[in-house]
Structure formats: C-alpha cells, structure tokens
Amino acid sequence: ALPFMTWAEGQLAGIPARAFRISFSGELSYEIAIPANYGQAMWNMIHAAGEEFDVTPYGTEALHVLRAEKGFIMIGDETDGTIIPQDLGLDWAISKKKTDYLGKRAQARSHMTDPNRWKLVGLETLDGSVLPDGAYAVASGTNANGQRNTQGRVTSTYHSPTLGRGIAMGLVLDGPKRMGHVLNFPGTDG
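On a predicted model such as this, the values are computed, not experimentally measured, just so you know.

Chemist: Please explain the pattern of salt bridges as it appears in this structure.
Modeler: Once their charged atoms are close, side chains differing in charge can pair, the charge on each being opposite to the other. For the structure on display, the rule yields seven salt bridges. Between Arg 18 and Glu 9 there is a salt bridge; the shortest N-O distance is 3.2 Å. The exposure class assigned to Arg 18 is partly exposed, which follows from its relative accessible area of 37%. What makes Glu 9 exposed here is its relative accessible area of 56%. In this structure, Arg 67 engages Glu 78 in a salt bridge whose closest nitrogen and oxygen atoms are separated by 2.8 Å. On the criterion of sequence distance, the pair formed by Arg 67 in helix H2 (residues 60-70) and Glu 78 in the loop between H2 and helix H3 (104-107) is long-range, its members being 11 residues apart. For the pair Arg 67 and Glu 78, a shared accessibility class is recorded, and that class is buried. Several salt bridges converge on common partners, so that one network encompasses Arg 67, Asp 77 and Glu 78.

Chemist: Sorry if this is basic, but what is going on with the side chain of Thr 125 here?
Modeler: Looking at the element boundaries, Thr 125 is found in the loop between strand S4 (118-124) and strand S5 (136-142). Side-chain polar atoms of Thr 125 contact the backbone nitrogen of Gly 128, separated by 3.3 Å. Here Ser 129 takes part through its backbone oxygen, which lies 2.7 Å from a polar atom of the side chain of Thr 125. The contacts of Thr 125, once residues within four sequence positions are left out, are Leu 131, Arg 165 and Gly 166.

Chemist: What am I meant to see in unusual backbone geometry here?
Modeler: Excluding glycine, a negative phi dihedral is what most residues carry, and trans is how most peptide bonds are arranged. Its identity as a non-glycine residue notwithstanding, Ala 13 has a phi of 55°, on the positive side. Looking at the element boundaries, Ala 13 is found in the loop between strand S1 (7-12) and strand S2 (15-20). By relative accessible area, Ala 13 is classed as exposed at 56%.

Rules behind the numbers
- Sequence positions are assigned chain by chain, starting from 1 and proceeding in written order.
- In view of the model being predicted, local features appear only for residues whose pLDDT reaches at least 70, and side-chain atom pairs are presented and counted only at 80 or more, with totals across whole chains, interfaces and linings using the full set of residues.
- By convention in this description, side-chain values take in all heavy atoms of the structure and omit both hydrogens and water.
- Any carboxyl oxygen of Asp or Glu within 4 Å of a side-chain nitrogen of Lys or Arg constitutes a salt bridge here.
- Partly exposed residues are those whose accessible area sits between 20% and 50% of the maximum for their type, while under 20% is buried and over 50% is exposed, using a 1.4 Å probe and protein chains only.
- Numbering goes from the N terminus for both helices and strands, where a helix is a DSSP run of H or I of at least four residues and a strand is a run of E of at least two.
- Identification of polar contacts relies on pairs of N or O atoms within 3.5 Å, with a donor-acceptor requirement for protein atoms, meaning one able to donate a hydrogen and the other able to accept it, and with residues adjacent in sequence counted only if both atoms are side-chain atoms.
- The criterion used for residue contact is that any of the two residues' heavy atoms lie within 4.5 Å.

Put into structure tokens, the structure is as follows:
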C-alpha cells in the first residue's frame, strides 16, 4: 500500500514514526524514523514480531554487497569530480525538455563527449578472489611516460555470498559493449 519512494507518518506500536519505502539494497525494504529515545524499544518489538519469519538484521557491509549485486551506484565510490551521468548509464536522468540546466555547458566540452570515456560496468572474478579497490585494468602498450596503458578501474569491490566469488563495479573503456570480455588487473594474481 506504500508505493516506492513515498512515506507515511503515524504510530507504529504506539511510537510516533515515519515509514519510508526506499531501497538502497534493491530489496523490498523500508526505513523507519522514530524519536531516538524509542530506538531500543522499537528494535526489540520489530525483532520479536519478526521472529516467526526468521528476521535477521543486517549491517552496512551486507547492504553494500546487495547494492553492488543490484548495480546501484554509491556516491563517492562510483562517482567523483570526473564522472558524469552518461558514464554511469544515467543519460535518461538528464532532461531533454530544458533548454538549460546546471552542468549543461560542461557536458558539451569535447572531453566530456569523447566516445572513449570509461563507462560503469559490473565485474566478477574468474578465480573467486576479491579485486582490490581502485585496481586498474591494463591494456596493451605504454603511454608517453612509459607506463602501461589502462582501460578501466575498480570503483567498489566485495565478496558476493550469492555468487560465491568476488564482484566489483568499475569504469571501463567501452563499458557495456565489453560484456563477456576478460580484463587483466596486474598484481591481483597472488
């Protein structure tokens, strides 16, 4: 009865509360906001009410694994000052109706429209290991400084109990067009 991204205010078990239907993890979930002095009582009531359903609390690490499995971005991990919505597959979020908006001029610059910009993808390891956060995928050749060329980097990384292997999100040259390709992350092979 509570649609996604909406909230309701009232009482929950006699405690003033706001219930929000949101889902950072990608699962059907709710957030409940109550006055702090009711926190322990609410926790106990929720746990008792959910006992017959084997309710299990989960922490932020589980939340991050779930969001990565779902492909949800994390501001600060998948984004920084160099990333634009198009890099994340969020082209749809940019208004096509407005003649002007914040960032429009910047997004029109040549390096922002470069077809070789790295795009967000999901990654999984072949050997089950977890890639290091920030690891770079190498490409053939070297740059003008004699360093190996790169073709992507890991933005967030976890062990997925669901898949039984390491998963990651990363920005990669040609992004979604690379489905099924194997990338090399030096220094991650033991």
